[in-house]
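# Analysis of the macromolecular model
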Amino acid sequence: MTNNSYLTSYVNQFVETVKQAGVRDIVICPGSRSTPLAYAFAKNDGFHFYRQIDERSAGFFALGIAKAKRSPVVLLCTSGTAAANFFPAIVEAYYARIPLLVVTADRPHELREVGAPQAIDQIHLFGKHVKWSVDFPIPENNEESLPFIERHIHRAINTAIALPMGPVHINVPFREPLLINMEQQHPMLQMSQTEIGQLVPGEEFVNWYKGILQTEEKGLFIVGDSLHTTKGFWEFAKAVQWPILADPLSNLRSSIPEECMHLCIDQYDAILKGNGFKDFVVPNVVVRFGAQPVSKPLTQFLKACKPAVYIAVDEDPIFRDSLHIVTHHVQVGASSLWIPIEEKQSSKYLEDWSKANDIATKHVQAYMEEEEDEGALAATLFETLTDGVDLFASSSMPIRDVDTFFNKTTKDIQIYANRGTNGIDGVVSTALGIHAGTKRPGYLLIGDLAFLHDMNGLILSRFQPTDLTIVIMNNDGGGIFSYLPQSNETNYFEHLFGTPTGLEFSHIATMYDAQYNSVQSIEELKAVLNEQKSKDIRMIEVFTNRQVNTDTHRKLWAAISEELDSIWKA
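As the structure is a computational prediction, the values presented were derived from the model and not from experiment. (Residues numbered from 1 in each chain as written. Predicted model: local features only at pLDDT ≥ 70, side-chain atom pairs only at ≥ 80, totals over all residues. Heavy atoms only, no water.)

### Topic: the packing of helix 13 (residues 374-384) against helix 14 (residues 397-405)
Following both chains from N to C, one finds helix 13 and helix 14 inclined at 70°, their axes separated by 9 Å at the closest point. The angle between the axes of helix 13 and helix 14 places the two elements in the roughly perpendicular class. Crossing of helix 13 against helix 14: the hand is right-handed. Side by side, helix 13 and helix 14 meet where Glu 374, Gly 375, Ala 378, Ala 379 and Phe 382 of the first sit next to Met 397, Asp 401, Val 402 and Phe 405 of the second. Class assignment for the residues of the contact of helix 13 with helix 14 results in six nonpolar, one polar and two charged. (Axes fitted to C-alpha atoms, helices over the stretch in contact; angles between N-to-C directions. Helix = DSSP H or I, 4+ residues; strand = E, 2+ residues; numbered from the N terminus. Parallel < 35°, antiparallel > 145°, perpendicular 65-115°, else oblique. Left-handed = near helix turned anticlockwise from the far one by under 90°. Contact = heavy atoms within 4.5 Å. Nonpolar A, V, L, I, M, F, W, Y, C, P; charged D, E, K, R; others polar.)

### Focus: the sheet that holds strand 16 (residues 468-474)
Ordered by their spatial adjacency, six strands build an open sheet running 14-13-15-16-18-17, and the pairing between neighbours is parallel. Bordering the open sheet on either side are strand 14 (413-416) and strand 17 (515-519), each of which pairs with just one other strand. Across the sheet, the mean angle separating the axes of adjacent strands is 20° when strand polarity is ignored. As paired elements, strand 16 and strand 18 (residues 537-543) share seven bridges and run parallel to each other. Directly across from Ile 472, in strand 18, lies its bridge partner Glu 541. In the packing of helix 15 (residues 427-438) onto the sheet, contacts are made with strand 13 (389-393), strand 14, strand 15 (442-447), strand 16 and strand 18, and the angle to strand 13 comes to roughly 160°. (Pairing = 2+ DSSP bridges.)

### Thoughts on unusual backbone geometry
The omega angle of the peptide bond from Leu 163 to Pro 164 is -5°, so this bond is cis rather than trans. In this structure, Pro 164 sits in the loop between helix 6 (145-161) and strand 6 (168-173). Omega for the bond connecting Glu 176 with Pro 177 falls within 30 degrees of zero, at 0°, which places this linkage in the cis form. Tracing the chain through its elements places Pro 177 in the loop between strand 6 and helix 7 (203-215). The phi dihedral of Arg 70 is positive, around 55°, even though this residue is not glycine. Summarising the element assignment, Arg 70 is placed in the loop between helix 3 (55-69) and strand 3 (73-77). Of the residues examined, Arg 70 reaches a relative accessible area of 24% and is grouped as partly exposed. Unlike most non-glycine residues, Ser 255 shows phi in positive territory, near 55°. Overall, Ser 255 belongs to the partly exposed group, its relative accessible area being 35%. (Buried < 20%, exposed > 50% of the residue type's maximum accessible area, 1.4 Å probe, protein only.)

### Things to note about helix 6
With 17 residues, helix 6 extends 24 Å from end C-alpha to end C-alpha; this agrees with the ideal 24 Å at 1.5 Å per step. Three or more residues of helix 6 are buried, namely Ser 145, Ile 149, Glu 150, His 152, Ile 153, His 154, Ala 156, Ile 157, Asn 158, Thr 159 and Ala 160. For helix 6, the secondary structure elements touched by its buried residues are helix 1 (3-20), strand 4 (100-106), strand 5 (132-135) and strand 6. (Expected span 1.5 Å × (residues − 1).)

### Notes on the environment of Tyr 367
Note that Tyr 367 resides in helix 12 (residues 348-370). For the pair Tyr 367 and Pro 500, spaced 133 residues apart in the sequence, the C-alpha separation amounts to 27 Å. Beyond its immediate sequence surroundings of up to four residues, Tyr 367 is in contact with Asp 373, Gly 375, Ala 376, Phe 405, Thr 552, His 553 and Leu 556. In terms of polar contacts, Tyr 367 uses its side chain to reach the side chain of Asp 373, at 2.3 Å. (Polar contact = N/O pair within 3.5 Å; in protein donor to acceptor, adjacent residues only side chain to side chain.)

### Remarks on the environment of Ala 162
With respect to the helices and strands, Ala 162 occurs in the loop between helix 6 and strand 6. When its relative accessible area of 21% is taken as the criterion, Ala 162 is described as partly exposed. Ala 162 sits 63 residues away from Pro 99 along the chain, and the two C-alpha atoms are 9.0 Å apart. Beyond its immediate sequence surroundings of up to four residues, Ala 162 is in contact with Lys 131 and Ile 196.

Shown next as structure tokens:
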């Protein structure tokens, strides 16, 4: 057997095993050292094949596909700093629990640490930010090599999808020559499938938990990001009749059955900014599914009241309890605790939460009619969204405006964001990945700095069709910092935090052959959103004022708190 035959058998075994394991999405960055695997994937039928020349953007694009599908995506690059550019997306995937199969081509062992070009230390390159890492053997005539590849790829994929899901790293060294025999047949595989069991709660706990659900009236459900499914939740919630504080990323604010609308508290962030109301709704029991929402008022409320029973339901043994108030950590999938109970009657506790939510919603609606700031403009976007679309929100102000202004609805609108690490990098690429994963029309709400951070992501639109409307809130800088204490230091704030650039993005739209519209009012935004898209990418640049935005948001929250305090007086 020639060296070319060894190499071809090796990469064919790699690719066939990935395919047998059910992975279908492959994101590839061009590069010489990864040639054997790139060709092996390209010539194999049955894969969804994506290209991106920027590794950092490619990483976030793969993250978006995996986030949308809840299944692994292969991310392949050449050796050297190309691999290092995957790092931000891998960190996000690790903390957001998104499965990625990161494959980095490498120099052979004899070219490591001897000054060879494009050779860095790639062993355990991503450290503790992957669930598992392995350095594969060189392709050579060794009967152990192909079974090793088959079993270790199964191990890698199983590790990626075992709860909690996350990224894994396979480092693959290749010697030159790098070309493979494109006609050589695929190998016969020995391992047909693997099975991962499910965690289930114990009988003793279930009986105790069921008793609390059945008898306790002053209970709260808090539902954050990281739910794998919402199927079955509303039947469960309808029986229990507790208020549900639904983070927008729980995707429980959409597709709500009419009879459950009163249970969903979507204005909890605004409601809990005041003082009076929250003293009347201290819960005896809190059950949290998924991650803790990032709402600061909710965090302060929970920390102050310290519920006697706080159950965190999480598939990870790591305690996600930054407040140190959880009393019961239950390591199971969330849906395993959506258990049937005898349907209860509505309580005064639920009615208080629901009434406060209605009051806050009334103020938000009035705000939309009176103001023209970012919040009102974002709310206009949300109201315009039709059934069957996806919304991706950047970190900083966009996701906070989603929390305040995306009202609960019966429409099917799925909301996504990168909240594993709350960064603004890779946002455009992740949104494009979400669309590639769902094939539904996509909308991206993003600020000017986050857009500048990932403009390279738009290169993807040159290689494959897409359907994305990007709404850029251009307030010429970092709007989120205006809400923080450092904004009071006027001498240095703009230089260090505001960071105005004076840029607008019409030329970027021209570069990528995107549809472009510039708007400065709600009426203009409505008109543009109601127009038919003429190109794959539509960019709507909305010009706003940071200071006006800060003042009007605070005015809204003060009005809500004032009315709530007048009703629920201490």
